[in-house]
Amino acid sequence: MPDIDIKRDASLWFDDGNIIMIASQPETAFRVHKSILARHSETLSSLFTLPQPAAGPGAMATMDGCAVVRMTDSSHDLKHLLQALYDGASYWDADAVLERGVLTALARLGHKYELTQVLALAMKRLGQIYPNDYSVWRETVLDSSILTVSKSSTDTLHAVHLEVVNICRVTGQYSALPAAMVECSRLPVAWLLKGIIRADGTTEQLSADDLERCLSAKLEISKAAARFEVHLAGAIPASSCRTKAECRDFREQTADVSTVIIDRYPWCPVFMAAVRPWMRKGLGCGACSRAIVEHCEIYLKSQWNSFTKFTGLQDCVSDWPVVVALS
(Lines give C-alpha, C1' and ligand atoms only; values in the text may rest on other atoms or scores of the structure.)
Protein backbone atom coordinates (compact mmCIF):
# COMPACT_ATOMS: atom_id res chain seq x y z
CA MET A 1 0.00 0.00 0.00
CA PRO A 2 1.44 3.40 -0.93
CA ASP A 3 2.46 5.87 1.74
CA ILE A 4 -0.15 8.48 2.60
CA ASP A 5 0.68 12.08 3.39
CA ILE A 6 0.32 12.43 7.16
CA LYS A 7 1.86 15.16 9.29
CA ARG A 8 5.23 14.06 10.63
CA ASP A 9 6.39 15.35 14.00
CA ALA A 10 9.83 16.81 13.27
CA SER A 11 11.13 16.48 16.85
CA LEU A 12 10.27 12.77 17.03
CA TRP A 13 11.04 11.63 13.51
CA PHE A 14 14.27 9.65 13.56
CA ASP A 15 15.74 8.62 10.21
CA ASP A 16 16.95 5.35 11.73
CA GLY A 17 13.63 4.66 13.44
CA ASN A 18 12.01 1.34 12.58
CA ILE A 19 8.39 1.83 13.67
CA ILE A 20 5.91 4.61 12.95
CA MET A 21 3.25 5.40 15.54
CA ILE A 22 0.28 7.39 14.28
CA ALA A 23 -1.69 9.26 16.90
CA SER A 24 -5.00 11.04 16.51
CA GLN A 25 -6.43 14.50 17.21
CA PRO A 26 -4.82 15.65 14.97
CA GLU A 27 -3.42 12.69 13.05
CA THR A 28 0.35 12.83 13.54
CA ALA A 29 3.15 10.34 12.80
CA PHE A 30 6.17 9.65 15.01
CA ARG A 31 9.10 7.58 13.65
CA VAL A 32 10.72 5.93 16.64
CA HIS A 33 12.64 2.83 17.72
CA LYS A 34 10.95 -0.39 18.75
CA SER A 35 13.78 -1.43 21.03
CA ILE A 36 13.80 1.81 23.03
CA LEU A 37 10.07 1.73 23.66
CA ALA A 38 10.02 -2.02 24.36
CA ARG A 39 12.77 -1.51 26.95
CA HIS A 40 10.46 0.77 28.92
CA SER A 41 7.20 -1.12 28.61
CA GLU A 42 6.08 -4.65 27.81
CA THR A 43 2.66 -3.21 27.03
CA LEU A 44 4.12 -0.94 24.34
CA SER A 45 6.24 -3.81 23.05
CA SER A 46 3.15 -5.98 22.61
CA LEU A 47 1.53 -3.32 20.44
CA PHE A 48 4.15 -3.88 17.77
CA THR A 49 3.13 -7.53 17.37
CA LEU A 50 -0.62 -6.99 17.27
CA PRO A 51 -2.36 -7.17 13.88
CA GLN A 52 -3.42 -3.76 12.66
CA PRO A 53 -7.00 -2.91 11.59
CA ALA A 54 -8.14 -4.09 8.19
CA ALA A 55 -7.32 -1.80 5.29
CA GLY A 56 -9.76 0.98 4.61
CA PRO A 57 -9.81 4.62 3.58
CA GLY A 58 -6.60 6.16 4.88
CA ALA A 59 -5.30 2.89 6.32
CA MET A 60 -1.75 1.76 5.62
CA ALA A 61 0.58 -1.12 6.38
CA THR A 62 3.80 0.86 5.94
CA MET A 63 5.00 4.42 5.77
CA ASP A 64 8.45 5.40 4.51
CA GLY A 65 9.29 1.70 4.53
CA CYS A 66 8.44 1.27 8.22
CA ALA A 67 5.64 -0.71 9.80
CA VAL A 68 2.80 1.45 11.13
CA VAL A 69 0.98 1.20 14.45
CA ARG A 70 -2.14 3.27 14.89
CA MET A 71 -2.62 4.57 18.42
CA THR A 72 -5.85 5.60 20.10
CA ASP A 73 -3.99 8.31 22.03
CA SER A 74 -4.05 11.98 21.05
CA SER A 75 -0.98 13.43 19.36
CA HIS A 76 -0.57 15.80 22.32
CA ASP A 77 -0.43 13.00 24.89
CA LEU A 78 1.69 10.62 22.83
CA LYS A 79 4.24 13.28 21.90
CA HIS A 80 4.89 14.18 25.53
CA LEU A 81 5.13 10.52 26.53
CA LEU A 82 7.69 9.82 23.79
CA GLN A 83 9.69 12.90 24.77
CA ALA A 84 9.77 11.71 28.39
CA LEU A 85 10.95 8.24 27.34
CA TYR A 86 13.64 9.50 24.98
CA ASP A 87 14.96 12.33 27.17
CA GLY A 88 14.97 10.33 30.38
CA ALA A 89 16.19 12.05 33.55
CA SER A 90 16.72 15.43 31.85
CA TYR A 91 13.01 15.62 31.04
CA TRP A 92 12.21 15.51 34.75
CA ASP A 93 14.92 17.94 35.80
CA ALA A 94 13.84 19.91 38.87
CA ASP A 95 14.21 23.17 36.95
CA ALA A 96 12.13 21.94 34.03
CA VAL A 97 8.69 23.54 33.90
CA LEU A 98 6.08 20.98 32.89
CA GLU A 99 2.60 22.31 32.25
CA ARG A 100 -0.24 20.73 34.17
CA GLY A 101 -1.83 19.37 31.00
CA VAL A 102 1.47 17.64 30.18
CA LEU A 103 1.67 16.07 33.63
CA THR A 104 -1.86 14.68 33.37
CA ALA A 105 -1.06 13.29 29.92
CA LEU A 106 2.03 11.54 31.29
CA ALA A 107 0.12 10.16 34.26
CA ARG A 108 -2.69 8.95 32.03
CA LEU A 109 -0.43 7.16 29.53
CA GLY A 110 2.02 6.08 32.22
CA HIS A 111 -0.82 4.13 33.81
CA LYS A 112 -2.21 2.88 30.51
CA TYR A 113 1.12 1.49 29.27
CA GLU A 114 2.37 0.36 32.70
CA LEU A 115 5.26 2.81 32.72
CA THR A 116 5.79 2.76 36.46
CA GLN A 117 8.46 5.46 36.64
CA VAL A 118 6.64 7.85 34.33
CA LEU A 119 3.46 7.47 36.34
CA ALA A 120 5.29 7.94 39.65
CA LEU A 121 7.14 11.07 38.52
CA ALA A 122 4.01 12.61 37.01
CA MET A 123 1.96 11.93 40.14
CA LYS A 124 4.73 13.38 42.29
CA ARG A 125 4.64 16.64 40.34
CA LEU A 126 0.84 16.73 40.43
CA GLY A 127 1.02 16.14 44.16
CA GLN A 128 2.96 19.38 44.50
CA ILE A 129 0.13 21.22 42.75
CA TYR A 130 -2.64 19.37 44.59
CA PRO A 131 -0.86 18.70 47.90
CA ASN A 132 -1.89 16.71 50.92
CA ASP A 133 0.41 18.86 53.06
CA TYR A 134 -1.23 21.86 54.71
CA SER A 135 1.77 24.19 54.61
CA VAL A 136 2.33 23.55 50.90
CA TRP A 137 -1.36 24.01 50.10
CA ARG A 138 -1.51 27.22 52.14
CA GLU A 139 1.33 28.82 50.20
CA THR A 140 -0.15 27.67 46.90
CA VAL A 141 -3.60 29.15 47.46
CA LEU A 142 -2.26 32.37 48.96
CA ASP A 143 -0.56 33.10 45.65
CA SER A 144 -2.35 36.20 44.41
CA SER A 145 -2.21 34.88 40.84
CA ILE A 146 -5.25 32.78 41.74
CA LEU A 147 -7.28 35.98 41.42
CA THR A 148 -6.56 36.19 37.69
CA VAL A 149 -7.70 32.70 36.62
CA SER A 150 -9.50 32.85 33.28
CA LYS A 151 -13.29 32.88 33.22
CA SER A 152 -13.34 30.90 29.97
CA SER A 153 -14.32 27.23 29.92
CA THR A 154 -11.87 26.82 27.02
CA ASP A 155 -8.95 27.48 29.36
CA THR A 156 -7.40 24.00 29.60
CA LEU A 157 -6.09 24.77 33.09
CA HIS A 158 -9.60 24.18 34.41
CA ALA A 159 -9.78 20.76 32.76
CA VAL A 160 -6.70 19.64 34.67
CA HIS A 161 -8.64 19.66 37.95
CA LEU A 162 -11.08 17.15 36.47
CA GLU A 163 -8.28 15.14 34.89
CA VAL A 164 -6.49 14.76 38.22
CA VAL A 165 -9.66 13.54 39.91
CA ASN A 166 -10.15 10.93 37.18
CA ILE A 167 -6.48 9.91 37.19
CA CYS A 168 -6.55 9.43 40.96
CA ARG A 169 -9.59 7.20 40.52
CA VAL A 170 -8.15 5.02 37.77
CA THR A 171 -4.72 4.65 39.40
CA GLY A 172 -5.97 4.22 42.96
CA GLN A 173 -3.52 6.90 44.12
CA TYR A 174 -5.66 9.24 46.19
CA SER A 175 -3.31 11.70 47.91
CA ALA A 176 -4.04 14.49 45.39
CA LEU A 177 -7.76 13.72 45.17
CA PRO A 178 -9.20 15.97 47.93
CA ALA A 179 -7.35 19.12 46.79
CA ALA A 180 -8.24 18.42 43.15
CA MET A 181 -11.90 17.81 44.03
CA VAL A 182 -12.06 21.08 45.95
CA GLU A 183 -10.59 22.91 42.94
CA CYS A 184 -13.32 21.32 40.80
CA SER A 185 -15.94 22.63 43.21
CA ARG A 186 -14.86 26.19 42.43
CA LEU A 187 -15.82 25.79 38.78
CA PRO A 188 -19.19 26.90 37.35
CA VAL A 189 -21.85 24.20 37.46
CA ALA A 190 -22.41 24.41 33.68
CA TRP A 191 -18.77 23.53 33.02
CA LEU A 192 -18.94 20.57 35.37
CA LEU A 193 -22.10 19.25 33.71
CA LYS A 194 -20.92 19.69 30.11
CA GLY A 195 -17.26 18.86 30.64
CA ILE A 196 -14.19 20.95 29.86
CA ILE A 197 -11.83 20.79 26.89
CA ARG A 198 -8.41 19.57 27.93
CA ALA A 199 -5.03 20.26 26.31
CA ASP A 200 -5.37 17.51 23.69
CA GLY A 201 -8.73 18.80 22.49
CA THR A 202 -10.91 16.11 24.04
CA THR A 203 -13.58 16.73 26.68
CA GLU A 204 -12.97 15.77 30.30
CA GLN A 205 -15.89 15.03 32.63
CA LEU A 206 -16.29 13.72 36.14
CA SER A 207 -18.12 10.50 36.84
CA ALA A 208 -21.70 10.87 38.06
CA ASP A 209 -20.64 10.02 41.62
CA ASP A 210 -17.77 12.51 41.68
CA LEU A 211 -19.96 15.17 40.08
CA GLU A 212 -22.40 14.74 42.96
CA ARG A 213 -19.55 14.99 45.47
CA CYS A 214 -18.25 18.09 43.74
CA LEU A 215 -21.61 19.88 43.79
CA SER A 216 -22.08 19.00 47.47
CA ALA A 217 -18.60 20.38 48.23
CA LYS A 218 -19.45 23.59 46.38
CA LEU A 219 -22.44 24.12 48.68
CA GLU A 220 -20.55 23.25 51.89
CA ILE A 221 -17.61 25.50 51.08
CA SER A 222 -19.90 28.40 50.20
CA LYS A 223 -21.72 28.01 53.51
CA ALA A 224 -18.42 27.95 55.37
CA ALA A 225 -17.30 31.12 53.57
CA ALA A 226 -20.51 32.86 54.60
CA ARG A 227 -19.94 31.86 58.23
CA PHE A 228 -16.42 33.21 58.01
CA GLU A 229 -17.72 36.58 56.80
CA VAL A 230 -20.03 36.81 59.80
CA HIS A 231 -17.28 35.88 62.26
CA LEU A 232 -14.87 38.37 60.72
CA ALA A 233 -17.42 41.16 60.83
CA GLY A 234 -17.87 40.52 64.54
CA ALA A 235 -14.13 40.66 65.17
CA ILE A 236 -13.59 44.15 63.72
CA PRO A 237 -13.04 46.50 65.43
CA ALA A 238 -10.92 44.41 67.79
CA SER A 239 -11.44 44.81 71.54
CA SER A 240 -8.09 46.61 71.86
CA CYS A 241 -8.72 48.87 68.83
CA ARG A 242 -8.11 52.59 69.50
CA THR A 243 -9.48 53.84 66.16
CA LYS A 244 -12.86 52.13 66.06
CA ALA A 245 -14.51 54.50 63.57
CA GLU A 246 -11.68 54.16 61.05
CA CYS A 247 -11.52 50.40 61.47
CA ARG A 248 -15.28 50.06 60.97
CA ASP A 249 -14.78 51.83 57.64
CA PHE A 250 -11.89 49.48 56.92
CA ARG A 251 -14.14 46.50 57.68
CA GLU A 252 -16.76 47.74 55.22
CA GLN A 253 -14.18 48.29 52.50
CA THR A 254 -12.73 44.80 52.85
CA ALA A 255 -16.22 43.31 53.06
CA ASP A 256 -17.10 44.88 49.69
CA VAL A 257 -13.97 43.41 48.13
CA SER A 258 -14.34 39.98 49.69
CA THR A 259 -18.03 39.65 48.80
CA VAL A 260 -17.21 39.91 45.10
CA ILE A 261 -14.25 37.53 45.33
CA ILE A 262 -15.82 34.93 47.61
CA ASP A 263 -18.83 34.83 45.29
CA ARG A 264 -16.49 33.51 42.60
CA TYR A 265 -13.84 31.85 44.76
CA PRO A 266 -15.35 30.76 48.08
CA TRP A 267 -11.98 30.69 49.76
CA CYS A 268 -10.60 32.40 52.80
CA PRO A 269 -7.11 32.35 51.23
CA VAL A 270 -8.35 34.47 48.36
CA PHE A 271 -10.00 36.80 50.84
CA MET A 272 -6.64 37.16 52.58
CA ALA A 273 -5.04 38.09 49.26
CA ALA A 274 -7.78 40.68 48.82
CA VAL A 275 -7.33 42.35 52.19
CA ARG A 276 -3.56 42.52 51.98
CA PRO A 277 -3.59 45.63 49.72
CA TRP A 278 -5.72 47.43 52.30
CA MET A 279 -3.29 46.42 55.01
CA ARG A 280 -0.36 47.72 52.95
CA LYS A 281 -2.10 51.06 52.63
CA GLY A 282 -2.19 51.32 56.40
CA LEU A 283 -5.97 51.02 56.67
CA GLY A 284 -6.99 49.51 59.98
CA CYS A 285 -4.95 49.53 63.17
CA GLY A 286 -2.43 46.88 64.12
CA ALA A 287 -4.86 45.15 66.47
CA CYS A 288 -7.55 44.83 63.79
CA SER A 289 -5.05 43.73 61.13
CA ARG A 290 -3.83 40.99 63.45
CA ALA A 291 -7.44 39.99 64.18
CA ILE A 292 -8.13 39.60 60.45
CA VAL A 293 -5.06 37.44 59.91
CA GLU A 294 -5.83 35.30 62.96
CA HIS A 295 -9.41 34.69 61.83
CA CYS A 296 -8.25 33.87 58.32
CA GLU A 297 -5.69 31.39 59.62
CA ILE A 298 -8.28 29.67 61.83
CA TYR A 299 -10.72 29.44 58.94
CA LEU A 300 -8.03 28.25 56.54
CA LYS A 301 -7.07 25.35 58.82
CA SER A 302 -10.72 24.52 59.39
CA GLN A 303 -11.29 24.33 55.63
CA TRP A 304 -8.28 22.08 55.17
CA ASN A 305 -9.43 19.74 57.93
CA SER A 306 -12.86 19.48 56.29
CA PHE A 307 -11.66 18.67 52.76
CA THR A 308 -12.51 14.97 52.86
CA LYS A 309 -15.80 15.66 54.64
CA PHE A 310 -16.85 18.35 52.15
CA THR A 311 -15.98 16.11 49.20
CA GLY A 312 -17.30 12.85 50.64
CA LEU A 313 -13.90 11.17 50.36
CA GLN A 314 -13.49 9.87 53.91
CA ASP A 315 -13.58 6.25 52.79
CA CYS A 316 -10.79 6.39 50.19
CA VAL A 317 -8.70 9.07 51.96
CA SER A 318 -8.83 7.93 55.55
CA ASP A 319 -5.41 9.31 56.51
CA TRP A 320 -5.96 12.97 55.61
CA PRO A 321 -3.46 14.99 57.71
CA VAL A 322 -5.40 17.22 60.10
CA VAL A 323 -3.85 20.42 61.44
CA VAL A 324 -4.67 22.12 64.73
CA ALA A 325 -7.16 24.95 64.18
CA LEU A 326 -7.42 26.92 67.40
CA SER A 327 -10.57 28.96 67.81
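Because the structure is a prediction, the values reported are computed rather than measured.

1. Looking at the sheet that holds strand 5 (residues 66–74)
Okay, step 1: Strand order in the open sheet made by the 5 strands is 1-3-2-5-4, with mixed pairing throughout. Strands at the two margins of the open sheet, each flanked by one partner only, are strand 1 (7–13) and strand 4 (62–63).
Okay, step 2: Of the pairings in the sheet, the one linking strand 1 to strand 3 (residues 28–32) comprises 3 bridges and is parallel in character. The partner of arginine 8 across the bridge, within strand 3, is alanine 29.

2. Describing the state of the cysteines
Okay, step 1: By the definition in use, this model includes 0 disulfides.
Okay, step 2: The thiol sulfur of cysteine 288 is not disulfide-bonded, and the nearest other cysteine sulfur, from cysteine 247, lies at 3.6 Å.
Okay, step 3: Overall, the relative accessible area of 0% leaves cysteine 288 in the buried class.
Okay, step 4: Residue cysteine 316 stays outside any disulfide, its sulfur separated by 9.0 Å from that of cysteine 168, the closest cysteine.

3. Some thoughts on the confidence of the model for the protein
Okay, step 1: Overall, the prediction assigns the protein a mean pLDDT of 83, with 80% of residues at 70 or greater.
Okay, step 2: The low-confidence segment residues 144–150, where pLDDT is below 50, has 16 contacts with residues more than four positions distant or belonging to other chains.

4. So, the side chain of aspartate 200
Okay, step 1: Along the polypeptide, aspartate 200 turns up in the loop between strand 6 (196–197) and strand 7 (203–204).
Okay, step 2: At a separation of 3.1 Å, a polar atom in the side chain of aspartate 200 contacts the side chain of serine 74.
Okay, step 3: Side-chain polar atoms of aspartate 200 contact the side chain of threonine 202, separated by 2.6 Å.
Okay, step 4: Not counting residues up to four positions away in its chain, the partners in contact with aspartate 200 are Gln25, Ser74, His76, Asp77 and Arg108.

5. Things to note about the side chain of glutamate 204
Okay, step 1: Tracing the sequence through the fold places glutamate 204 in strand 7.
Okay, step 2: Classification of glutamate 204 as buried rests on a relative accessible area of 7%.
Okay, step 3: A polar atom in the side chain of glutamate 204 sits 2.7 Å from the side chain of asparagine 166.
Okay, step 4: Not counting residues up to four positions away in its chain, the partners in contact with glutamate 204 are Ala159, Leu162, Glu163, Asn166, Gly195, Ile196 and Arg198.

6. Some thoughts on the environment of arginine 248
Okay, step 1: Residue position: arginine 248 is located in helix 11 (residues 244–264).
Okay, step 2: Under the relative-accessibility criterion, arginine 248 is labelled partly exposed at 41%.
Okay, step 3: Taking the C-alpha atoms as reference points, arginine 248 and alanine 238, separated by 10 residues in sequence, lie 9.9 Å from one another.

7. Concerning the pairing of strand 5
Okay, step 1: Two elements, strand 2 (residues 19–24) and strand 5, share 5 bridges in a ladder whose sense is parallel. Among the inter-strand pairings, isoleucine 22 is bridged to a residue of strand 5, identified as arginine 70.
Okay, step 2: Both strand 4 and strand 5 contribute to a ladder of 2 bridges, which runs antiparallel. Considered in strand 5, the bridge of threonine 62 is made with alanine 67.
Okay, step 3: Here strand 4 hands over to strand 5 after 2 residues, with aspartate 64 in that stretch at a positive phi of 55°.

The rules behind these values
Residues numbered from 1 in each chain as written. Predicted model: local features only at pLDDT ≥ 70, side-chain atom pairs only at ≥ 80, totals over all residues. Heavy atoms only, no water. Pairing = 2+ DSSP bridges. Helix = DSSP H or I, 4+ residues; strand = E, 2+ residues; numbered from the N terminus. Disulfide = S-S within 2.5 Å. Buried < 20%, exposed > 50% of the residue type's maximum accessible area, 1.4 Å probe, protein only. pLDDT = per-residue confidence, 0-100. Contact = heavy atoms within 4.5 Å. Polar contact = N/O pair within 3.5 Å; in protein donor to acceptor, adjacent residues only side chain to side chain.

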